[in-house]
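Commentary on secondary and tertiary structure
For reference, the chains in residue letters:
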Amino acid sequence: MATRVETLPKWTPAIAVGDAGLDREHQALFDQIAAVGGLIGRGVDLPLLEALDRLVATLERHCQGEERFFSDTAYPHTAAHKVEHRVLRHLARHIRLSANLVPDPDLFRLSLRHFLQALIEHIIEIDQGYRPYLER
Ligand SMILES: [Fe+2]
Ligand SMILES: [Fe+2]
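Counting of residues starts from 1 at the beginning of each chain's written sequence and follows it residue by residue. Think of it this way: whatever chain is written first is A, whatever ligand is written first is 1, and the rest follow in order. Selection of residues for local features in this predicted model requires a pLDDT of at least 70, selection of side-chain atom pairs for listing and counting requires 80 or more, and totals for whole chains, interfaces and linings are taken over all residues.

The name that an unreviewed UniProt entry assigns to the chain is Bacteriohemerythrin, with the source organism given as Phaeospirillum tilakii.

On to the overall build of the chain, then. Here a strand is any run of E in DSSP of at least two residues, a helix any run of H or I of at least four, and the numbering for each starts at the N terminus. If you tally the helices and strands in the chain, you get 5 helices and 0 strands. N-terminal to C-terminal, the α/β element order of the chain is α-α-α-α-α. In the chain, which comprises 136 residues, the share counted as buried stands at 23%. Of the contacts made within the chain by residues no fewer than 6 positions apart, 70% connect residues no fewer than 24 positions apart. Any residue surrounded by 20 or more other C-beta atoms within 10 Å of its C-beta is treated as buried, while 12 or fewer makes it exposed and the intermediate range makes it partly exposed; C-beta atoms here are placed from the backbone. Residue pairs are scored as contacts if the distance between their C-beta atoms, which are placed from the backbone, is within 7 Å.

Think of an α-helix as turning once every 3.6 residues; residues three or four places apart then point the same way. By this rule the span expected of a helix is its residue count minus one, scaled by 1.5 Å. In a regular helix each residue adds 1.5 Å, so 24 residues correspond to 34 Å; helix H3 (residues 78–101) covers 34 Å between its end C-alpha atoms and thus fits that length. Within H3, burial applies to His81, Ala92 and Ile95. In this structure, the buried side of H3 is in contact with helix H2 (46–71) and helix H4 (105–126).

Bringing the confidence of the model for the chain into the picture now. Detailed conclusions should not be drawn from predicted coordinates in areas where pLDDT is low. Per-residue confidence for the chain gives a mean pLDDT of 91, with 94% of residues at or over 70. pLDDT expresses, on a scale from 0 to 100, how confident the predictor is about each individual residue. By mean pLDDT, the top-scoring element of the chain is helix H1 (residues 20–39) (96), and the lowest-scoring one is helix H5 (residues 131–134) (89). Below pLDDT 50 for its whole length, residues 1–6 participates in 11 contacts with residues either more than four positions away or in separate chains.

With 20 residues, the main nonpolar core has Ile33, Val36, Leu48, Leu55, Leu112, Phe115 and Leu116 as its most contacted residues. Of all the secondary structure elements, the ones that give two or more residues to this core are H1, H2, H3 and H4. Here the element with the most residues in this core is H4; it accounts for 6 residues. Beyond its immediate stretch of four places on either side in the chain, Ile33 contacts Leu8, Leu55, Leu116, Leu119 and Ile120. The nonpolar core is taken to be a set of buried Ala, Val, Leu, Ile, Met, Phe, Trp, Tyr and Cys residues joined by way of C-beta atoms within 7 Å.

Dropping the structure here:
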């Protein structure tokens, strides 16, 4: 079965937010998204679930760090951005739990692909919104 790993975008300097730490984390997220995406087509197996666990853990840490940055800046969309993070984190945890609860690999893969896409779009679109506020 073909996977969609080829179509997942990679991090590029064009979407850098201008903080070295946050940009490294975004790069790591893109790498881990690609790792999960590359394993989706194999079925719901241990390597896929371990890669997803790593991505979920990285996402949790990243959201917390990014939100700490907001409080140090005049970024005006902190509340809405935090809601976006909560939705992404909830989605990630729910999908991970569903791997154990729902015996439907097709639904799991579909949900996982939607989550990966939503996370990519968040980094590419929403995170770009705080870029001007990190410039000091
Ligand atoms: Fe981010
Ligand atoms: Fe964010």
